[in-house]
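# Structure assessment
Residues per chain, in single letters:
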Amino acid sequence: MKSLNSRCTYQRGFLVALWLAIAATAYAAESRVALKDAFKEHFLIGTAVNRNMVTGGPGFRRSAEQNAEDAALVKEQFNQITAENDVKWALIHPREGKDGYEFGAADAFVNFGLSNQMHVVGHTLVWHSQTPNWVFAGTNPPPTNVAAGVAVNTNTPATNQFRRGRFGDGFSGGLGRYNGPRASREELLRRMREHIHTVVGRYKGKVKSWDVVNEAIADGGGTNILRNSLWLEIIGPDFIAKAFQYAHEADPDAILRYNDYGLENPTKRKKLFALIKSLQAQKVPIHAIGSQAHVNVSISFEAMDQTLTEIATLGLPIHITELDVNSAAAGQRGFGADIANNAAKTQGGLVSDADKKLTDAYAGIFRAFLNNRESVKMVTFWGANDANSWRANGKPLLFDGNSQPKPAFDAVIAEAKKRAVAK
Ligand code: XIL
């Protein structure tokens, strides 16, 4: 009897413990809704990932353990990924020639996405930044003859310089500026085509969307629509159409995007309209507009809503490609393109009441995304948590450095619940 009794007590104790364990798990699951589930009826929810999240091991200022935790957060919360750096020209194709490619990190990134059933985005094919100097360099001595009065010397040294100090974080690889003899238009187009065919072709059917051309539009109120870059100077304005054409040849099923920042600014938006309408008139295969959305806590619902409503009139899906909301007192990347300079602006401490301002800003932004859900098809954060953000000092994301959700996370989930589609 005694033994039976004690057995019962033991069993009861076991059951209570089991119930407590189940309840705790249920609570944890409930308190950690996944963004990808909350928004599944509306749009994909993604994040930029860095190399060590997908390959494991220490790196990117994180220990091996922290990188593993970051990877777990990515799997838990997101159904789309973009490589933060590893698919950029400087990283994937650092040297000229067929042997000049380094596919290891990019392959790991793509495999991580596919094995976790994620929509994989390739970033980026043609950009004025993080592109090695050899791409623009002439392989032949500058032509000396001038045929029939037509200047054929396309090898004039650059008047357009890469801005000083961009990417002072080790990624530039000495790409500060290129002043040497230039490639001819034909040579640069050949290199661009070879690069796009090789990279897009390798991941055909695996990478579903590509940022084909990144940040080609000029900042500021001047009359120039296009940024003064070596792509523009050597090839001419049709470098954009050519890049899309080559990408479409390489994977006719891929979603091809034009990607830029500062589109919340009406002046820059006007230039976007001019560019995209001209591409559409030429029947260039462009399938989506990428809006980076590196914004400040001062962003309002109205500003974001207006931005999206206007862009939607171009008739293309909108992808929010690099979302973060900077709480740094000195502000976010302005409309100048000098990333290093803007990074320095995150040094001055946070705005007062930063957590509340961030929460309100995120609520407004997501209300605007949901308001435009007919056109917004993807929302990608530029980093999974504050610790691995390129703007770490501005604490711009929904998860803190320990991957704990911030109040802004709850605000975003609350917006999703308000818009839940009735079954
Ligand atoms: C940034 C990365 O986050 C940094 O790690 C890198 O040092 C510089 O580039 N616009 C873009 C992204 O299209 O590729 C940039 O990413 C941020 C601005």
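Summarised in this report is the structure supplied together with it. (Residues numbered from 1 in each chain as written. Predicted model: local features only at pLDDT ≥ 70, side-chain atom pairs only at ≥ 80, totals over all residues. Heavy atoms only, no water.)

### Examining helix α14 (residues 407-418)
Taking 1.5 Å as the rise per residue, α14 with twelve residues should run 16 Å; its terminal C-alpha atoms sit 17 Å apart, in good agreement. The complete set of buried residues in α14 reads Ala408, Phe409, Ala411, Val412, Ile413, Glu415 and Ala416. Summarising the contacts, the buried residues of α14 are in contact with α2 (35-38), α4 (64-77) and α13 (354-371). (Helix = DSSP H or I, 4+ residues; strand = E, 2+ residues; numbered from the N terminus. Expected span 1.5 Å × (residues − 1). Buried < 20%, exposed > 50% of the residue type's maximum accessible area, 1.4 Å probe, protein only. Contact = heavy atoms within 4.5 Å.)

### Remarks on unusual backbone geometry
Here histidine 123 and threonine 124 are connected by a cis peptide whose omega angle stands at 5 degrees. Among the secondary structure elements, threonine 124 is positioned in strand β3 (residues 119-126). Unlike most non-glycine residues, glutamine 117 shows phi in positive territory, near 55 degrees. Considering the arrangement of structural elements, one finds glutamine 117 in the loop between α6 (104-115) and β3. Residue classification places glutamine 117 among the exposed residues on the basis of a relative accessible area of 66%. Not every positive phi belongs to a glycine, and aspartate 353 is a case in point at roughly 55 degrees.

### Topic: the side chain of glutamate 322
Along the chain, glutamate 322 falls in strand β8 (residues 318-326). Within polar-contact distance, the side chain of glutamate 322 engages the side chain of asparagine 259 at 3.3 Å. A distance of 2.7 Å separates a polar atom in the side chain of glutamate 322 from a polar atom in the side chain of histidine 294. For glutamate 322, the contacting residues outside a window of four places in its chain are His123, Asn259, Ser291, Gln292, Ala293, His294, Thr380 and Trp382. (Polar contact = N/O pair within 3.5 Å; in protein donor to acceptor, adjacent residues only side chain to side chain.)

### Some words on the packing of aromatic side chains
The geometry of an aromatic ring pair is captured by two quantities: the separation of the ring centres and the angle between the planes. Tallied over the entire structure, the rule returns 14 aromatic pairs. Between the aromatic rings of tryptophan 231 and phenylalanine 239, the centroid separation amounts to 6.5 Å while the plane-to-plane angle is 20 degrees, which identifies the pairing as stacked. Seen in terms of ring centroids, phenylalanine 366 and phenylalanine 381 are 6.0 Å apart; in terms of plane orientation they differ by 15 degrees. Their pairing is stacked. In this pair, phenylalanine 366 is assigned in helix α13 and phenylalanine 381 in strand β9 (residues 376-381), connecting sequence segments 15 residues apart. Per residue, the accessibility class of phenylalanine 366 equals that of phenylalanine 381, and both read buried. A connected cluster of aromatic rings, assembled from ring pairs, spans Phe39, Phe43, Phe78, Tyr362, Phe366, Phe369 and Phe381. (Phe/Tyr/Trp six-rings, centres within 6.5 Å; stacked < 30°, edge-to-face > 60°.)

### Focus: the environment of alanine 293
You can see alanine 293 is positioned in the loop between β6 (288-291) and β7 (294-296). For alanine 293, a relative accessible area of 1% corresponds to the buried category. Alanine 293 sits 88 residues away from phenylalanine 381 along the chain, and the two C-alpha atoms are 9.2 Å apart. Those residues in contact with alanine 293 that sit more than four places away from it in its chain are Glu264, Met304, Ile320, Glu322, Leu323 and Asp324.

### Focus on the packing of α13 against α14
Direction vectors running N to C along α13 and α14 enclose 25 degrees, while the axes themselves pass 8 Å from each other. Here α14 runs roughly parallel to α13, going by the angle between their axes. Helix-helix and strand crossings are classified by hand; for α13 and α14 the assignment is right-handed. Together, Asp355, Leu358, Thr359, Tyr362, Ala363, Phe366, Arg367 and Leu370 of α13 and Pro407, Ala408, Ala411, Val412, Glu415 and Ala416 of α14 make up the contact between the two elements. Its residues placed into classes, the contact of α13 with α14 shows ten nonpolar, one polar and three charged. (Axes fitted to C-alpha atoms, helices over the stretch in contact; angles between N-to-C directions. Parallel < 35°, antiparallel > 145°, perpendicular 65-115°, else oblique. Left-handed = near helix turned anticlockwise from the far one by under 90°. Nonpolar A, V, L, I, M, F, W, Y, C, P; charged D, E, K, R; others polar.)

### Remarks on the pairing of β8
Here β8 lies mainly inside the structure; nine of its nine residues are buried. Here β7 runs beside β8; their pairing, made up of three bridges, is parallel. Looking across to β8, one finds that asparagine 296 is bridged to asparagine 326. Chirality of the crossover, the property in question, places the unit of β7, helix α11 (residues 301-312) and β8 among those that are right-handed. Two elements, β8 and β9, share four bridges in a ladder whose sense is parallel. The partner of isoleucine 320 across the bridge, within β9, is valine 379. (Pairing = 2+ DSSP bridges. Right-handed = clockwise from strand over helix to strand, strands pointing away.)

Everything listed here is a matter of coordinates, which is why it stays silent on function.
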